[in-house]
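Secondary and tertiary structure notes
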Amino acid sequence: MERTTAPGATHASPLNATRLMRRTALNRAFAAVYACAIAALFYHHVLQLSKSSTTLITFFLSLSLLLSDLVLAFMWITTQSFRMRPIRREAFPENLKQVVVDDKGFPALDVFICTADPYKEPTMGVVNTTLSVMAYDYPTNKVSVYVSDDGGSQLTLFASMEAAKFARHWLPFCRKNDIVERSPGVYFSSDHDHPPFFSEIESIKTMYYSMKARVENIVERGKVGEEYFASEQEHEAFNKWTAGFTRQDHPTVIQVILDSDKDRDITGHVMPNLIYVSREKSRTSPHHFKAGALNVLLRVSAIMTNAPIILTQDCDMYSNDAQTPLRALCYLLDPKFQSNLAYLQFPQRFNGINRTDIYACTFIRLFQINPFGMDGLLGPNYVGTGCFFNRRAFFGAPSSLVPPEIPELSPGHTVDKSIQSRSTLTMAHHVANCNYENHTKWGSKIGIRYGSLVEDFYTGYRLKCEGWKSMFLYPDRAAFYGDSPINLVDVLNQTKRWAIGLLEVSEQWFLLYVFLFLGSYGQDFLDFFLAGGTLESWWNEQRMWMIRGPSCYLFGLVEYLLTSIGISAQGFNVTSKVLDDEQSKKYEQGIFEFGVSSPMFVPLTAAAIINLVSFFGGLVRVCTGSCRWEGAFVQMFIAGFVTLNCWPIYEAMVLRSDKGRMPTKTTLISTFLASALYIASFLALRRN
């Protein structure tokens, strides 16, 4: 195990440690054997292709099988780098005192919380996330929390103000009682065994639910009434929402809710800064979705606080560990890594996943298995949330700073004015203007990079190209927790958006197919199991991989190609985080939700029908003697395997009568499409 010690400290006080995972040697040996098997398979394909040139149809069938295996081989090759050097990191925040002597030695921290819709992303989720990061075990005068409201909603501003009032009680309560769960929504929904401060819990719990009732009431009403204004200052803040104010067209709103220079909690302790930001929007100016919102936060925060460390956080991903920023400092303050470390990525982990994870929303491979492997190379991708950045990384390569257009935005600029001074607020409004980026390097060479709907992956990729590295930290206690979609159409829409952005048989060869199939699935299951997955959750993971192929991946590819030639425009769909009671009940029971009519269900259902007919058609032919069992086994096995995975689709088409069943229209269209494809292929084969 490799350990890095604090500068000037003894060998016994490491800041961090790194170890190579034990399965590395096995991964490398298996990759060599599997590569030989793939080479043998292609040799077989070439032989078959040379023998099948008698008719055009058989030639194209053999060619299509070769191309399919080429695609699968390419996919396998691209994942092998993740298995060559997987590493696990560990941080020792208790040793930071060797580097940071007192509170003054801690670097400032800017936290960016992004939200876009108070109805799809419930405001109480924003409140709980905000409170959880405000309550970090970190000097509060060093923390500035920026809430980016890209929907421009007065409801989100009101909720943030309510969070600030409650924080005056919540933060000292957490400090005094060493509370582990710093999200009040999570803490008060958990069972507590009557601690000595039980009466204090009940008091602050009443306060929390009173705040929650006020926030949910104004969300239901759709606006903030006069009776909720506690001061003239609050009334003035909401005057900006005029009759012409819409989410697509409105001026900049920057509201300082808490100022660490002035505001104190009920014990007299300094409060962190809390700033609400809604950038200017115009229908005539591009806004670049979340990437544009983050770049505005980069500029506004540079003017107001300019902390050297930035945490980007989704509004539904609350902090689950108050020591998370201290763990990040174990790497960000390490001289061994400081010169070229762009960011430290924590995994996305989710609450509310049902026992078998039917929609494969834990994304163990994406958020755990692959990052461990990538960390042994240049580091993991940026996944949009739970990521601590070195602000300097947004301004060019490690060895060459790309200066911004004004010195106040430079990562080395020292802020010497109050965040509420007139000059500071004037400049902050200026850099949040919707036309500010015109003729600048923002989005191309500075900040979050434009050019993809998955701005996080693309930005991480561009930073690696510039020479930066990243790290992945997976502590035993989850750093962040969030909610995942609980119905299939939301899952597929989310993955379709990712797919669009990421775009920016038998005879003696039978045993070879068996090895390639079982070897691939076996290694995949081993990775999954060692990462803490179960057999049932792995089965659901591979089933969702199949489901995504003819649905969100297909539609993502089509939409990307159409956009590339100027036929359609991409849209950013906010995934709904609102929980429906009936959907939640079915989700907990492991029942798929198909109730919403979606075009993505059509090819998915058609593929399920085709494989079902193929399997039983092959079975009938074998039983009647029309073909030999050994000749049809591979084809029947593939069709049967897909059919088994498609059971939830058949159930939704025929057996269910609840609101989550497959829409009748989708079933009819899919049946017609499957029939047309079957008839067309039958006629083509018969002609030859």
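Quick note: structure is the one above.
No experiment lies behind these values; they were computed from the predicted model shown. (Residues numbered from 1 in each chain as written. Predicted model: local features only at pLDDT ≥ 70, side-chain atom pairs only at ≥ 80, totals over all residues. Heavy atoms only, no water.)

**Let's talk about the sheet that holds strand E16 (residues 480-483)**
By way of backbone hydrogen bonds, the strands of a sheet pair with one another, either parallel or antiparallel. Heads up, the condition is: Only strands joined by at least two bridges in the DSSP assignment are considered to pair. Labels follow the DSSP assignment, with helices taken as runs of H or I lasting at least four residues and strands as runs of E lasting at least two, numbered in each case from the N terminus.
As summarised here, the arrangement of the three strands in space is E9-E16-E11, forming an open sheet in which the pairing is mixed. Only two strands of the sheet have a single partner each, and these edge strands are strand E9 (318-319) and strand E11 (350-351). In the sheet, E11 pairs with E16 via two bridges, with the strands oriented parallel. Pairing of Phe-350 across the sheet is with Gly-482, part of E16.

**Section: the pairing of strand E12 (residues 387-390)**
Working note: regular strand, side chains alternate between the two faces of the sheet. How we decide: Categorising residues by exposure relies on relative accessible area from a 1.4 Å probe, with only protein chains included: less than 20% of the type maximum marks a residue as buried, more than 50% marks it as exposed, and the intermediate range marks it as partly exposed.
Side chains Cys-387 and Phe-389 of E12 all project onto a buried face; the interleaved residues Phe-388 and Asn-390 project onto the opposite face, where all are buried too. As defined by bridge partners, strand E8 (residues 309-314) adjoins E12 across four bridges and the pair is classed as antiparallel. Paired with Thr-312 across the bridge in E12 is Cys-387. Inspection of the sheet shows strand E10 (residues 341-345) paired to E12 by three bridges, in the antiparallel sense. Bridge assignment links Leu-344 to a residue of E12, and that residue is Phe-388.

**A closer look at the pattern of salt bridges**
Stated formally: By convention in these notes, a salt bridge is any Lys or Arg side-chain nitrogen within 4 Å of a carboxyl oxygen on Asp or Glu.
According to the stated counting rule, one finds 26 salt bridges in the structure shown. Here Asp-137 and Arg-182 are joined by a salt bridge, their closest N and O atoms 3.2 Å apart. Within this pair, whereas Asp-137 is found in the loop between helix H3 (123-134) and strand E5 (143-149), its partner Arg-182 is found in the loop between helix H4 (154-177) and helix H5 (184-189), the two being separated by 45 residues in sequence. On the basis of relative accessible area, Arg-182 is assigned to the buried category, the value being 3%.

**Some points on the side chain of Asn-177**
For clarity, the threshold we go by: Here a polar contact means two N or O atoms within 3.5 Å. Within protein one must be a hydrogen donor candidate and the other an acceptor candidate, and residues neighboring in sequence count only if both atoms are side-chain atoms. Contacts: residue pairs with any heavy atoms within 4.5 Å of one another.
Its place among the elements puts Asn-177 in helix H4. Owing to a relative accessible area of 15%, Asn-177 belongs among the buried residues under this scheme. A distance of 3.0 Å separates the side chain of Asn-177 from the backbone oxygen of Phe-173, its partner in a polar contact. For Asn-177, the residues in contact, after removing those within four places along its chain, are Phe-197 and Glu-200.

**A word on unusual backbone geometry**
The backbone phi angle of Phe-289 is positive, close to 55°, even though this residue is not glycine. The residue Phe-289 is located in helix H8 (residues 289-304) in this model.

**Points about the nonpolar core**
To keep it simple, the criterion reads: The nonpolar core is taken to be a set of buried Ala, Val, Leu, Ile, Met, Phe, Trp, Tyr and Cys residues, with the residues joined through side-chain atoms within 4.5 Å.
If you look at the biggest cluster of nonpolar residues, it comprises 83 residues, and the most contacted ones within it are Trp-170, Tyr-331 and Phe-388. The element best represented in this core is H4, accounting for 13 residues. Look past the residues within four positions of Tyr-331 in its chain and what remains in contact with it is Asn-16, Ala-17, Arg-89, Glu-90, Ala-91, Phe-337, Leu-341, Leu-344, Met-471 and Leu-473. Ranked by size, the runner-up nonpolar core spans 39 residues in total, among them Leu-298, Trp-442, Ile-448 and Trp-468.

**A few points about the packing of aromatic side chains**
Quick note on the threshold: Ring pairs are drawn from Phe, Tyr and Trp, using the six-membered ring of Trp, whenever the two centres fall within 6.5 Å, and their geometry is named by plane angle: stacked under 30 degrees, edge-to-face over 60, tilted for the rest.
The final tally for this structure, using the stated rule, is 43 aromatic pairs. On the numbers, 5.2 Å between centres and 25° between planes, the contact of Phe-229 with Phe-238 is stacked. With respect to burial, Phe-229 and Phe-238 carry one shared label: buried. Ring plane angle 85° and centroid distance 5.8 Å describe the contact between Trp-539 and Phe-641, whose orientation is recorded as edge-to-face. One end of the pair, Trp-539, is in helix H16 (residues 535-564); the other, Phe-641, is in helix H19 (residues 629-645), with 102 residues separating them in the sequence. Given the relative accessible area of 24%, Trp-539 is considered partly exposed. Its relative accessible area of 15% is what places Phe-641 among the buried residues. A network of ring pairs unites the aromatic residues Phe-166, Trp-170, Phe-173, Tyr-187, Phe-188, Tyr-208 and Tyr-209 as a single cluster.

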